[in-house]
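Each chain is listed here by its residues.
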Amino acid sequence: MAWFRSFVHVSKITNSVRPTKPTHFFTPLSLFSSAAGPAEAAVRERSGLAPAGPDDKPRVVVLGSGWAGCRLMKGLDTKAYDVVCVSPRNHMVFTPLLASTCVGTLEFRSVSEPIGRIQPAISTAPGSYFFLANCTGVDPDNHLVHCETVTDGSSSLEPWKFKIAYDKLVVALGAEASTFGIHGVNENAIFLREVHHAQEIRRKLLLNLMLSDVPGISEEEKRRLLHCVVVGGGPTGVEFSGELSDFIMKDVRQRYAHVQDYIHVTLIEVFPIARVLDSNAFQLCPKLISKSLLQANEILSSFDDRLRRYATKQLTKSGVRLVRGVVKDVKSHKIILSDGTEVPYGLLVWSTGVGPSPFVRSLHLPKSPGGRIGVDEWLRVPSVQDVYAIGDCSGFLESTAKPVLPALAQVAERQGKYLAELLNGVAKAGGGRANSAKEIALGDPFVYRHLGSMATIGRYKALVDLRQSKEAKGLSLAGFTSWFIWRSAYLTRVVSWRNRFYVAVNWFTTFVSGRDISRI
């Protein structure tokens with residue numbers, strides 16, 4: 001029958017879109033049986049992706065799905081390489097707009113971009129994959145990475161351990177929030193680096209608003225519940241404080257009129273010495289620290305002095321209380337400063353910079369000052385073959401005589417772009433296979449030029465600092481014009497047209513009808 005022949009023909013085409021390659025996997029079918037014995041369990045930990053065969057494309061394994069890793073995957077030539085990404089999240093977070101999601105200015109999906117949209121080959125090409133897993137070890141001698149699947153704490157799932165052979169390995173694992181060894185931060189504070197952090201902040205904020213309106217709550221407890229404390233005077237802390245003050249002035253006063261006089265925001269700028277000393281240092285030199293607190297820097301220390309003063313004035317006018325000090329201890333309901341001052345809080349957001357993760361520190365690879373993975377001028381990790389590191393987890397070695405670059409999105413993005421071009425050139429020169437690029441010229445080394453900094457401070461005002469460094473001269477703007485530039489710039493930098501549409505619609509909806517305060 002004609003219709004049956006057509007159906008069979010279509011089925012064959014569909015099945016050939018992404019052919020499987022059994023030689024790549026050493027996972028026996030018996031592993032999927034519920035009656036697997038000890039022998040099968042032992043094999044379970046040895047399964048994974050075998051080395052690429054002679055007829056296969058070289059494999060680039062990317063650890064991480066942040067700015068650096070995603071920009072690298074976007075730029076890689078998938079005709080020359082198979083791309084495998086290993087990450088505990090299947091999306092990239094557009095971090096400059098993350099603070100806006102905490103108060104309902106933007107929805108969470110507006111700042112997240114699926115990896116499959118950034119590099120479509122991962123979803124369609126036969127040898128390219130995305131694995132929702134953590135890297136647990138790197139074996140440079142055998143060109144292997146050890147991984148373990150993410151289960152999100154599910155008791156019904158056991159982590160699956162596997163190995164992936166690589167021709168080129170790119171470590172783009174990012175960094176984690178710095179706590180400076182201060183007791184209680186990890187247990188009581190919320191960081192602002194991932195979408196789930198923003199979701200937690202939003203739920204906590206709205207929960208406190210609703211609890212504070214319950215009959216029988218004392219005045220003291222009501223003020224504590226509605227006291228939002230932000231630790232860290234960098235761009236993230238300042239932008240979140242500005243968004244929060246806007247939320248209070250425009251939405252809380254309309255929808256939570258009973259508690260509008262109780263809710264306050266305090267921004268604590270951590271004194272710079274706390275970024276170097278641990279909590280035990282306060283006992284060694286309290287007089288030195290107390291005296292130096294009088295000379296503490298303003299918020300947004302990397303910005304122009306005029307812009308910092310403007311930001312301080314506007315935040316104060318918006319009701320944000322600015323405090324300079326050293327956090328000594330964090331309790332479940334209060335912060336203790338080095339001078340003994342106790343600051344009660346209902347919501348604590350910690351945004352004091354980033355540092356290398358314990359896993360990055362544990363890798364037996366050269367390290368740059370500060371504990372990052374050390375790289376040379378071409379972003380290679382010396383002493384091992386075919387390993388590169390980019391983004392917040394990497395830094396130039398002292399032997400390069402280059403400073404360690406700041407942990408900024410624009411640094412990570414440009415490193416990813418540079419390395420994609422470098423690896424594409426290596427593949428064209430015949431060096432895509434493992435241990436085959438030793439004699440290949442890599443071209444010009446990576447050079448970073450700062451494009452400037454921007455930060456919004458609420459009330460339709462922002463700062464734009466286009467100087468290449470703190471000491472250099474250049475254009476700096478503040479006010480409504482800067483806010484328009486800030487929004488326009490980030491709207492164009494959002495990864496996909498889909499998310500640009502989401503962001504634009506969210507901004508328009510918030511302007512017309514206010515923020516969404518549903519606690520979901």
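Cut-offs applied
- Every chain is numbered on its own, with residues counted from 1 as its sequence reads.
- Only residues with pLDDT of at least 70 are given local features in this predicted model, and only at 80 or more are side-chain atom pairs given and counted; all residues enter the totals for whole chains, interfaces and linings.
- Based on all heavy atoms of the structure, the side-chain values leave hydrogens and waters out of the count.
- The criterion for strand pairing is that DSSP finds at least two bridges linking the strands in question.
- The numbering of helices and of strands both runs from the N terminus, where a helix is a DSSP run of H or I of at least 4 residues and a strand a run of E of at least 2.
- Working convention: axes come from line fits to C-alpha atoms, limited for helices to the stretch in contact. Angles between N-to-C directions cover 0 to 180 degrees.
- Pairs of N or O atoms are called polar contacts if they sit within 3.5 Å, as long as, within protein, a hydrogen donor faces a hydrogen acceptor (for residues adjacent in sequence, only side-chain-to-side-chain pairs).
- Residues count as neighbours in contact if any of their non-hydrogen atoms are within 4.5 Å of one another.
- Think of a nonpolar core as a cluster: buried Ala, Val, Leu, Ile, Met, Phe, Trp, Tyr and Cys residues, connected wherever their side-chain atoms sit within 4.5 Å.
- Exposure classes here rest on a 1.4 Å probe applied to the protein chains alone. A residue is buried below 20% of its type maximum, exposed above 50%, and partly exposed in between.
- Within 6.5 Å between ring centres, the rings of Phe, Tyr and Trp (the latter by its six-membered ring) count as paired, and their orientation is classed by plane angle as stacked under 30 degrees, edge-to-face over 60, tilted in between.
- Placement of a positive charge over a ring is assigned whenever Lys NZ or Arg CZ falls within 6 Å of the ring centre and within 35 degrees of the normal to the ring plane.
- Scored between 0 and 100, pLDDT is the confidence that the predictor attaches to each residue.

**Re the sheet that holds strand β24 (residues 461-465)**
(1) Moving on: Ordered in space as β23-β24-β25, the 3 strands form an open sheet in which the pairing is antiparallel. The sheet is open, and its two borders are formed by β23 (453-458) and β25 (476-479), each paired with just one other strand. Within this sheet the neighbouring strands show an average axis-to-axis angle of 10 degrees, counted without direction.

**Some words on the side chain of N499**
(1) Moving on: Here N499 lies in helix α17 (residues 497-513).
(2) Moving on: At 3.3 Å, the side chain of N499 and the backbone oxygen of S110 are in polar contact.
(3) Moving on: Each residue touching N499, except ones within four places of it in the same chain, is listed here: R109, S110, V111, S112, E113 and V494.

**Side note on the nonpolar core**
(1) Moving on: Of all hydrophobic cores here, the largest spans 118 residues; its most connected members are L97 and I164.
(2) Moving on: In terms of residues, this core owes the most to one element, helix α15 (residues 409-428), which gives 8 residues.
(3) Moving on: Residues in contact with L97, not counting those within four places in the same chain, are L106, V111, W486, Y490, V494, V503 and W507.
(4) Moving on: Core analysis: the second largest hydrophobic core is formed by 19 residues, A177, F191, I335 and V343 among them.

**Description of the packing of aromatic side chains**
(1) Moving on: On inspection of all chains with the given rule, the structure shows 8 aromatic pairs.
(2) Moving on: Between Y418 and F446, the ring centres sit 5.5 Å apart and the planes meet at 65 degrees, which makes this aromatic pair edge-to-face. In this pair, Y418 is assigned in helix α15 and F446 in the loop between α15 and β23, connecting sequence segments 28 residues apart.
(3) Moving on: Judged by relative accessible area, which is 4%, F446 ranks as buried.
(4) Moving on: Taken together, W67, F94, W486 and Y490 form an aromatic cluster joined through their ring pairs.
(5) Moving on: Above the plane of the ring of F396 lies K402, whose end atom (NZ or CZ) is 5.0 Å from the centre.
(6) Moving on: R487 extends its terminal NZ or CZ atom over the ring of W507, reaching a point 4.2 Å from the ring centre.

**Quick look at the confidence of the model for the chain**
(1) Moving on: Across the chain, the average pLDDT comes to 86, with 86% of residues at or above 70.
(2) Moving on: Low pLDDT, under 50, characterises residues 272-297; the predicted model gives this stretch 30 contacts beyond four residues in sequence or across chains.

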